[in-house]
Amino acid sequence: MAPPLSPADLLSQVNRDVERSYLRARNGLRYVRGRIRPKLGTTPKDIVWRRDKAQLWRYRSQPARFAQPLLIVTSLVSRSYILDLLPGSSAVEFLRDQGFDVFMLDWGIPDQLDADNSFETYVDEYLPRAVAAVRRETGCEELTIAGYCLGGVLSVLYANGHEDAGVRNLVLMATPVDFEEMGPMVAALREGRLDPEHLIDETGNVPAEVLYRGFFMLAPTTIVAQRATLLENLWNDEFVRGFEAMAQWARDQVPFPGAAFREVVELFVRRNALMDGALRVGGREIDFATTGATVLNAMADNDTVVPRAAAEPIGALVGRPDRRHALRLPGGHVTFGTGRSAFRHSLPSLANWIAAHSDERSRKRGS
């Protein structure tokens, strides 16, 4: 048995419990009324290139420590601010402060004008122009590309599909390759129980609500556990702010352009074509082992969106065998962007690897 508390310790505990009860009541009312709405994606940045809905952002910083800029290529099916969630809990802020010149390619919110966007649109139109803009802005011909989720697939196709890609390092974060390992989210489409045309609306795209329901069905009991955790920590302003930020991101899905969605279903889900180590895009075959870039395959052990088994084959398919590296990280799908595990493990590990494969700028004596 624990020794009895002294009167002073007992009074201190009572005061703490009373204060937490007050904070729980205050924060609970704010949460129910929708008054806890933190601003997301606020790291200062400039738009340095745009085309249609796509925008290239450059994050403001002191002169970079490393010569090669870092271009983050985001997924097509979720909002990019998961990588810039809140001040103090932002991947781009962390990487910027590690000395990288950070750019992000954001795809925007597709509408009917984007329904015909195929993988060729992203790989042969948007990405080459965005990379050219990075080169103009920095004066550096080589860069590191970090692709997240489906953004990783686009990055693989770009790096291998263009002779002048200029990719020194290719970092693939939670990037799906083996779609037979993608679980229940794609099983119905693979087995023909669900027709992709039934998911496409009058705009020619898959609505955001359909995607949200698909991700929710991966773990339908998660929301119960999350709310129980919220109730337990309702007294903690920082926790509540972070919880609501993540909840906003989870609800804030974007439509999936219809043409690209059809390609994903037919080529990736039903034919598992990425496992061939090559894909036909824009009238030519792109061999995934062509790039001379150093490749890092970063996977999260508890990822339920892109299970580790779906990402592991990258190690045998992408890049040259002597330039392939793998990194296993704790946490789930968002460990590359936010959360305690991200800042303890994932982001420091990624930053250290990129730094080790980049050139440091020479520093003046005495600086």
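Look above for the structure.
Residues numbered from 1 in each chain as written. Predicted model: local features only at pLDDT ≥ 70, side-chain atom pairs only at ≥ 80, totals over all residues. Heavy atoms only, no water.

### Details of the overall build of the protein
Helix and strand content of the protein: twelve helices and twelve strands. For the protein, with 367 residues in total, the buried portion stands at 50%. A separation threshold of at least 6 residues defines the contact pool for the protein, and within that pool the share at least 24 residues apart is 78%. (Helix = DSSP H or I, 4+ residues; strand = E, 2+ residues; numbered from the N terminus. Buried < 20%, exposed > 50% of the residue type's maximum accessible area, 1.4 Å probe, protein only. Contact = heavy atoms within 4.5 Å.)

### Notes on the packing of aromatic side chains
If you walk through the whole model with that rule in mind, you get nine aromatic pairs. Aromatic side chains Phe 66 and Phe 100 sit 4.7 Å apart centroid to centroid with 15° between the ring planes, which places their arrangement in the stacked category. Here Phe 66, found in the loop between strand S2 (54–59) and strand S3 (70–73), pairs with Phe 100, found in the loop between helix H2 (91–97) and strand S4 (102–106); they are 34 residues apart in sequence, far enough to count as distant. A relative accessible area of 2% means that Phe 66 is categorised as buried. Aromatic side chains Trp 107 and Tyr 126 sit 6.0 Å apart centroid to centroid with 45° between the ring planes, which places their arrangement in the tilted category. One end of the pair, Trp 107, is in the loop between S4 and helix H3 (119–138); the other, Tyr 126, is in helix H3, and 19 residues separate them in sequence. Taken as a pair, Trp 107 and Tyr 126 share a single burial class, namely buried. Among the aromatic residues, ring-to-ring pairing joins Trp 107, Tyr 122 and Tyr 126 into one connected group. When the ring centre of Trp 57 is taken as origin, the NZ or CZ atom of Lys 45, which lies over that ring, is 4.7 Å away. (Phe/Tyr/Trp six-rings, centres within 6.5 Å; stacked < 30°, edge-to-face > 60°. Lys NZ or Arg CZ within 6 Å of the ring centre and 35° of its normal.)

### Observations regarding the nonpolar core
Residues Leu 71, Trp 107 and Leu 170 are the most contacted members of the largest nonpolar core, which totals 96 residues. It is H3 that contributes the most residues to this core, nine residues altogether. (Core = buried A, V, L, I, M, F, W, Y, C linked by side-chain atoms within 4.5 Å.)

### Some remarks on empty space enclosed by the protein
Summed over the entire model, instances satisfying the criterion amount to five cavities of 30 Å³ or more. A volume near 90 Å³ is recorded for the largest cavity. In this structure, the largest cavity is lined by Leu 70, Ile 72, Leu 83, Ala 91, Leu 95, Ala 146, Val 171, Met 173, Phe 336, Leu 347, Leu 350 and Ile 354. Those elements giving two or more residues to the lining of the largest cavity turn out to be S3, H2, strand S6 (167–173) and helix H12 (340–356). (1 Å grid on protein atoms, 1.4 Å probe; cavity = no way out; pocket = protein on both sides within 12 Å on 5 of 7 lines; lining within 4 Å. Points joined across faces, edges and corners; volume = space filled by probe spheres on them.)

### Quick word on the packing of H3 against helix H4 (residues 150–161)
Relative to each other, H3 and H4 sit at 75°, their axes nearing to 10 Å. Between H3 and H4, the crossing angle belongs to the class labelled roughly perpendicular. On the side of H3, the interface is formed by Phe 119, Tyr 122, Val 123, Leu 127, Pro 128 and Val 131, while H4 contributes Val 153, Leu 154, Leu 157 and Tyr 158. Of the residues in the contact of H3 with H4, the class split is ten nonpolar, no polar and no charged. (Axes fitted to C-alpha atoms, helices over the stretch in contact; angles between N-to-C directions. Parallel < 35°, antiparallel > 145°, perpendicular 65-115°, else oblique. Nonpolar A, V, L, I, M, F, W, Y, C, P; charged D, E, K, R; others polar.)

### Structural notes on H12
In an α-helix, one full turn covers 3.6 residues, which means residues spaced three or four apart are oriented alike. With 17 residues, H12 ought to run about 24 Å at 1.5 Å a step, and its terminal C-alpha atoms sit 24 Å apart, in line with that. Helix geometry: H12 is bent most strongly at Ser 346, by close to 35°, with proline Pro 348 lying one to four residues after it. Considered for burial, the residues of H12 that qualify are Ala 342, Ser 346, Leu 347, Leu 350, Ala 351, Trp 353 and Ile 354. Buried residues in H12 make contact with S3, H2, strand S5 (143–148), S6, strand S11 (294–300) and strand S12 (324–329). (Expected span 1.5 Å × (residues − 1). Bend = angle between axes of the 7 residues up to and from the residue.)

In short, the description is geometric, and any link to function would need to be established separately.
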